[in-house]
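Below, each chain spelled out in residue letters.
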Amino acid sequence: MLPSSPQITIPLWQPLHLRVWRSVAETAVAAWQGLLLQRQRRQRQREWDALGELSPHTLKDIGAPDWVVLNAADRSAQAHQRRDEFSHWRGV
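Keep in mind that this is a model prediction, so the values were computed, not measured. (Residues numbered from 1 in each chain as written. Predicted model: local features only at pLDDT ≥ 70, side-chain atom pairs only at ≥ 80, totals over all residues. Heavy atoms only, no water.)

**A short note on the overall build of the protein chain**
Counted only if it meets this: Under the scheme used here, helices are H or I runs from DSSP no shorter than 4 residues and strands are E runs no shorter than 2 residues, and both carry numbers assigned from the N terminus. Whether a residue is buried, partly exposed or exposed follows from its accessible area with a 1.4 Å probe, protein chains only, as a fraction of its type maximum: under 20%, in between, or over 50%, in that order. Accessible surface area values rest on a Shrake-Rupley calculation with a 1.4 Å probe, where residue burial reflects the displayed protein chains alone.
Helix and strand counts for the protein chain come out as three helices and zero strands. Ordering the α and β elements of the protein chain from the N terminus gives α-α-α. For the protein chain, the proportion of its 92 residues judged to be buried stands at 9%. Carbon together with sulfur atoms contributes 60% to the accessible area of the protein chain, which is approximately 8,500 Å² in total.

Given below as structure tokens:
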């Protein structure tokens, strides 16, 4: 009787050069994926920083994360503080 599917043999031992090559390839792929993740995080950070130029109220309305809203509020408060500090120089 003939088997319905062919028998597949799996080698249980691999030569050293193949094991080394696989290890190097896996390490390179992991490093590349790590670089891609870092690039995506930096891009996301730049996008959130660009949104930080909006007012805190607008950021809350669009559902921005709390840290973006707080950063925008801090920048706004610092700008007002600087304006108040130097307003006496202009006689305002």
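Next comes the rest of the description.
**Describing the nonpolar core**
Side chains of nonpolar character tend, in soluble globular proteins, to be buried together. Let me state the cut-off plainly: As used in this record, nonpolar core signifies buried Ala, Val, Leu, Ile, Met, Phe, Trp, Tyr and Cys residues forming a set joined through side-chain atoms within 4.5 Å.
Core analysis: the biggest nonpolar cluster contains five residues, these being Leu59, Ala64, Val68, Val69 and Ala72. No other element matches the three residues that helix α3 (residues 66-90) contributes to this core.

**Here's the deal with the confidence of the model for the protein chain**
Detailed reading of predicted coordinates is not advised where the pLDDT is low. For clarity, the cut-off: For every residue, the predictor assigns a confidence score, pLDDT, that lies between 0 and 100.
With 84% of its residues at a pLDDT of 70 or more, the protein chain shows a mean pLDDT of 82. Summarising per-element confidence for the protein chain, the mean pLDDT is lowest in α3 (78) and highest in helix α1 (residues 16-51) (91).

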